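Reading the structure
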Amino acid sequence: MQDALLARAEEHAESVMPGFTHLQSAQPVTLGHHLMAYFEMFARDRSRLRDARARMNLCPLGSAALAGTGFPLDRDATAAALGFDGPTRNSLDSVSDRDFAIEYLTAAAQCSLHLSRLAEEFVIWASQPFGFVQLSDQWSTGSSIMPQKRNPDAAELVRGHSGRITGALVSLMMTMKGLPLAYSKDMQDDKPPVFEAHDLLGLCIAAMTGMVESATFRTDRMRGLAESGFATATDLADWLVREAGVPFREAHHITGRAVAVAEQAGTRLDQLSIDALKEIDARIDDRVYGVLSVDASVNSRTSFGGTAPARVRAAIAAARKAREEEGR
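Below, the structure is looked at part by part. Not measured: the values here are computed from a predicted model.

Right, let's talk about the pattern of salt bridges for a bit. Any two side chains of opposite charge can pair, so long as their charged atoms come close to each other. Applying the stated criterion across every chain yields a total of 24 salt bridges. Lys-191 is the partner of Asp-190 in a salt bridge, and the nearest nitrogen-oxygen pair spans 2.8 Å. Judged by relative accessible area, which is 40%, Lys-191 ranks as partly exposed. Residues joined by salt bridges that share partners form a network here, namely Asp-3, Arg-46, Arg-50, Arg-323 and Glu-326.

Now for unusual backbone geometry. For the bond running from Leu-181 to Ala-182, omega is 5 degrees, close enough to zero to count as cis. For Ala-182, the location among the structural elements is in the loop between helix 6 (153-176) and helix 7 (191-214). Positive phi outside glycine occurs at Leu-23, with the angle close to 60 degrees. Residue placement: Leu-23 occurs in the loop between strand 1 (16-21) and strand 2 (24-30).

This paragraph deals with the side chain of Asp-45. One can find Asp-45 in helix 2 (residues 31-56). A polar atom in the side chain of Asp-45 sits 2.8 Å from the side chain of His-114. With near-sequence residues (within four places) excluded, Asp-45 lies in contact with Gln-110, Cys-111 and His-114.

Right, let's get into a nonpolar patch on the surface. Where nonpolar side chains cluster on the molecular surface, the patch consists of Leu-66, Leu-92 and Leu-181 and spans about 270 Å² of accessible area. Mapped onto the secondary structure, Leu-92 falls in helix 4 (residues 91-96).

Here the largest pocket is characterised by a volume of approximately 570 Å³. Forming the boundary of the largest pocket are 21 residues, of which Met-56, Asp-97, Asp-99, Phe-100 and Ala-101 lie nearest the centre. Mapped by element, the contributors of at least two residues to the lining of the largest pocket are helix 2, helix 4, helix 5 (99-126) and helix 7. Looking at the lining of the largest pocket, the element that brings in the most residues is helix 5, giving five residues. Taken together, the residues of the lining of the largest pocket break down into eight nonpolar, four polar and nine charged. When its volume is computed, the second largest pocket comes out at roughly 390 Å³.

Before going further, it helps to spend a moment on the packing of helix 2 against helix 5. Relative orientation of the contacting elements helix 2 and helix 5 amounts to 170 degrees, with a least axis distance of 8 Å. The pairing of helix 2 with helix 5 is recorded here as roughly antiparallel in orientation. In this structure, helix 2 uses Leu-31, His-34, Tyr-38, Met-41, Phe-42, Arg-44, Asp-45, Arg-48, Leu-49, Ala-52, Arg-55 and Met-56 to contact helix 5, whose residues at the interface are Phe-100, Glu-103, Tyr-104, Ala-107, Gln-110, Cys-111, His-114, Leu-115, Arg-117, Leu-118, Glu-121 and Trp-125. Residues belonging to the contact of helix 2 with helix 5 are distributed by class as follows: 14 nonpolar, three polar and seven charged.

Turning next to the pairing of strand 1. In terms of strand pairing, strand 1 meets strand 2 through six bridges, oriented antiparallel. Counterpart to Phe-20 in the pairing with strand 2 is Ser-25. Here strand 1 hands over to strand 2 after two residues, with His-22 in that stretch at a positive phi of 60 degrees.

About the thresholds
Per chain, the residues get numbers from 1 upward, laid out in the order the sequence is written. The model is predicted, so local features are restricted to residues of pLDDT at least 70 and side-chain atom pairs to those at 80 or more, both for listing and for counting; the totals for chains, interfaces and linings are taken over all residues. Here the side-chain values reflect all heavy atoms present in the structure, with hydrogen atoms and water set aside. One side-chain nitrogen of Lys or Arg within 4 Å of one carboxyl oxygen of Asp or Glu is enough to make a salt bridge. Relative accessibility under 20% of the residue-type maximum defines a buried residue, over 50% an exposed one, and the middle range a partly exposed one, all with a 1.4 Å probe and only protein chains included. Secondary structure elements are defined from DSSP: runs of H or I of at least 4 residues count as helices, runs of E of at least 2 residues count as strands, and each element is numbered from the N terminus. Between N or O atoms, a polar contact is any pair within 3.5 Å; within protein, one atom must be a potential hydrogen donor and the other a potential acceptor, and residues adjacent in sequence are included only when both atoms are from side chains. Contacts are assigned to residue pairs with any non-hydrogen atoms lying within 4.5 Å of each other. Here, patches come from residues exposed beyond 30% relative accessible area and free of salt bridges, joined within 9 Å for like charges and within 5 Å for nonpolar side chains (Val, Leu, Ile, Met, Phe, Trp, Tyr). Computed with a 1.4 Å probe, the accessible areas rest on the Shrake-Rupley method; for each residue, only the protein chains presented here act as cover. Using protein atoms alone on a 1 Å grid, points that fit a 1.4 Å probe yet trap it form a cavity, whereas open point sets bounded by protein on both sides within 12 Å along at least five of seven lines form a pocket; residues with an atom within 4 Å of a point count as lining. Grid points are joined across faces, edges and corners, and a volume is the space filled by probe spheres set on the points. Three residue categories are used. Nonpolar comprises Ala, Val, Leu, Ile, Met, Phe, Trp, Tyr, Cys and Pro, charged comprises Asp, Glu, Lys and Arg, and polar comprises the others, including Gly. Simply put, an axis is a line fit to the C-alpha atoms, just over the touching stretch for a helix, and the angle between two N-to-C directions goes from 0 to 180 degrees. An angle counts as roughly parallel when it lies under 35 degrees, as roughly antiparallel when it exceeds 145, as roughly perpendicular when it falls between 65 and 115, and as oblique in every other case. At least two DSSP bridges between two strands are required for those strands to pair.

Shown next, in the form of structure tokens:
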């Protein structure tokens, strides 16, 4: 999954798209930057699973029913022979603990939420109003009565399965919430939610990997919407602050008037004439056109973690290096 995201992010490090807040066009970003956001989410998921294993890889063998045993066992030796990091330290806790299952389910649920968010992006992007992506036939289906449809069924199922995985976590947590020490028969219900979540998570990861690898991104459509949504308004405000010494509060109002003028004229900010801009505020000059295009906007976001193509490529290189060092 991460490798697929890295490959497509590198392919689209310079592909401009609208960045959204409230699902409204906010500022232009690159598709590569957008995809790398999901890479970071899944990197945290891998970290959570590694972190969980550091705590749960202890062997309960030798705890007996609840009090330990009088037989001369070497619990360190049995733990080592079975591939554990060591033995559990309390026999009561050993037979009644299900933290190992709950912690796995917690990590699985968090990962499923990230998968669901990515799936929802594909559902939205594949819709006709957006038209950002065309899914391959392998990951979409037609309608039973409408032959023109290409429904993002796989993404919708991934989105739905996140509820089942999160439900598995809640189910086991509710089973354990009122149990006294030590063992109770309720605990035999620990296995079905773990197995179900594990299988669903693997299926969802495989499905989203396939969708990312095979998707056809319509970058022309993305760029067109980025250019049409006044997404560089913040760049105008920033320019007024940097170059004209205008306080940002005032720059914000000036930019709002510029957007209103462009909207009324049915044009983009970077297509407004210098006379029209000067009429809004006399401190604006020709240099402003250097920041009003979507390309200029994304190229200017050079802060660490920013959307500038150079930053995106640096992030991809760092991610690949980290993947190699951890041995995948």
